[in-house]
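# Observations on the three-dimensional arrangement
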Amino acid sequence: VSMQTAQAQRPKPNYDEAKVPQYKLPAVLKTSDGRKVDSAELWWKVRRPEILHLFESEVYGKSPAPPENILFEVISQKNDALHGKAIRKEVSVFFSGKKEEPRMDLLIYLPAKATKPVPVFMGLNFYGNHTIANDPEITLSTKWMRANKAKAIVNHRATEKSRGTSASRWAIDEILDRGYGLVAIYCGDIDPDYDDGFQNGIHPLFNKAGQKKPAADEWGTIAAWAWGLSRAMDYLETDDQIDQKHVALIGHSRLGKTSLWAGAQDQRFALVISNNSGCGGAALSRRRFGETLNVINNAFPHWFCDNFNKYIDKEEQLPVDQHMLVSLIAPRPVYVASAVEDRWADPRGEFLSVLNAEPVYKLLGTSGFGAKQMPEVNQPVQQQMGYHIRTGKHDVIDYDWKQYLDFADRHFRGS
Ligand code: GCU
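Residues numbered from 1 in each chain as written. Predicted model: local features only at pLDDT ≥ 70, side-chain atom pairs only at ≥ 80, totals over all residues. Heavy atoms only, no water.

### Description of the environment of A27
Counting through the fold element by element, A27 comes out in the loop between α1 (3-8) and α2 (40-60). For A27, a relative accessible area of 40% gives the class partly exposed. C-alpha separation for the pair A27 and M324, spaced 297 residues apart in sequence, amounts to 8.7 Å. Sequence-distant contacts of A27, that is, excluding residues within four places in its chain, are made with R47 and M324. (Helix = DSSP H or I, 4+ residues; strand = E, 2+ residues; numbered from the N terminus. Buried < 20%, exposed > 50% of the residue type's maximum accessible area, 1.4 Å probe, protein only. Contact = heavy atoms within 4.5 Å.)

### Observations concerning the site of the ligand
Surrounding the ligand, one finds F126, S253, R254, K257, E291, I296, F300, W303, W344 and H394. Residue S253 places a side-chain N or O atom 2.6 Å away from an oxygen atom belonging to the ligand. Within the side chain of W344, an N or O atom sits 3.0 Å from an oxygen atom of the ligand. Relative to its free-state accessible area of 320 Å², the ligand is covered by the protein chains to the extent of 83%. Of the residues that constitute the shell around the ligand, the class distribution is five nonpolar, two polar and three charged. (Near = heavy atom within 4 Å. Polar contact = N/O pair within 3.5 Å; in protein donor to acceptor, adjacent residues only side chain to side chain. Areas by Shrake-Rupley, 256 points an atom, 1.4 Å probe, with all protein chains shown as cover. Nonpolar A, V, L, I, M, F, W, Y, C, P; charged D, E, K, R; others polar.)

### Considerations on the sheet that holds strand β1 (residues 71-80)
What the ten strands build is an open sheet, ordered β1-β2-β3-β5-β4-β6-β7-β8-β10-β9; its pairing is mixed. The sheet is open, and its two borders are formed by β1 and β9 (381-382), each paired with just one other strand. Judged from the four bridges that link them, strand β7 (residues 271-275) and strand β8 (residues 334-339) form a sheet pairing that is parallel. Across the sheet, the residue bridging to V272 is V334, located in β8. Here helix α6 (residues 221-236) sits on the sheet and contacts β1, β2 (86-94), β3 (103-111), β4 (118-125), β5 (181-186) and β6 (242-252); the angle it forms with β4, its principal contact strand, is near 150 degrees. Its contacts with the sheet put helix α10 (residues 347-363) on β8 and β10 (385-390), and the angle it makes with β10 is roughly 170 degrees. (Pairing = 2+ DSSP bridges. Axes fitted to C-alpha atoms, helices over the stretch in contact; angles between N-to-C directions.)

### Section: the packing of α6 against helix α7 (residues 254-265)
At their nearest, the axes of α6 and α7 sit 8 Å apart, and the two run at 60 degrees to each other. What the angle tells us is that α6 and α7 run oblique. For α6 against α7, the interelement crossing comes out right-handed. Across the interface between the two elements, I222, A223, W225, A226 and L229 of α6 pack against R254, L255, K257, T258, W261, A262 and Q265 of α7. Grouping the amino acids of the contact of α6 with α7 by side-chain chemistry returns eight nonpolar, two polar and two charged. (Parallel < 35°, antiparallel > 145°, perpendicular 65-115°, else oblique. Left-handed = near helix turned anticlockwise from the far one by under 90°.)

Here it is, written out as structure tokens:
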């Protein structure tokens, strides 16, 4: 699709429920050759692989197999960080097996008092690990960042003043007090968030001979970020301070789209949280409410694979919709959260994805969702699937973390 044409035709966002087009969702429990999926076996053997393949080839792009020589190096460890409250580790992951770029850095906090391996939340962040906590000892990222005055980014680089500027999004005290750890990674370590034709970040490492950029069905930036989360999981599996069976993924917005796609592909993630992920995340594309395929693919041409452009203004032709992405996480617990003022992300569309994925959760023998209609504001619903819509804006706040911690307690600790 030529950018100019698509841009010229870009419609105004619709925020009127009455103007949501009539649509029919693709059936999640019917195979491509028309069979009704009425057993777990048919789901695992036929339908789930079909859906996974469609998201790979038409939406996010197919990612490469894990590299053979991945290298992990613990670069710092302190057992009395955050005034004695936390163990803090920084671990570098070298994707090529050599101590050179591309490299991603994991920042890990664990409760200092832990006497056995701890469950953790793991999430990517927008502006570097040094932004997520008020801890002056975190290594300051030197990588490229998107321009942002509030984050004290100067010439696309972090400065000392950038420290702690995203701390409100990470409830670190609450997480540690409740016995969980946190693993943070700057998304730009895996792939910088701008459209450069995939010359930087992780993509070039996997080009075949003569290949200059990913093919139309190969990984874009969201898929690269998701792949990076799986590589972080490869490291966690080697760390005996971490309870590897209880790793929860969390992501906000573009990084919530990413946590869903990572959780869909990699079943080692025990629980998946999408915070305000919107278009290309939890929200149904066919509703065309708020952000649409047209807008997202033009504003962020690098996020999805090129095949996704085929469905701009033709959402009804998509062989999948985002409820099917949620269904790929079944039977593992999944939580989707919306915010009232975040209409751009289509809260109702996010809710409907959970609701329409529930039949798969039920087929696989779980309690499912437990809501038939959108719950009231600030009234979370939590069973195997969780959802809330809270007051306020597009953000991650303590209220959201409170629900995620309760949800993790329920599923990881049976309380
Ligand atoms: C933009 C984009 C959204 C995205 C959001 C974010 O608003 O249109 O799709 O979720 O940025 O990542 O904050």
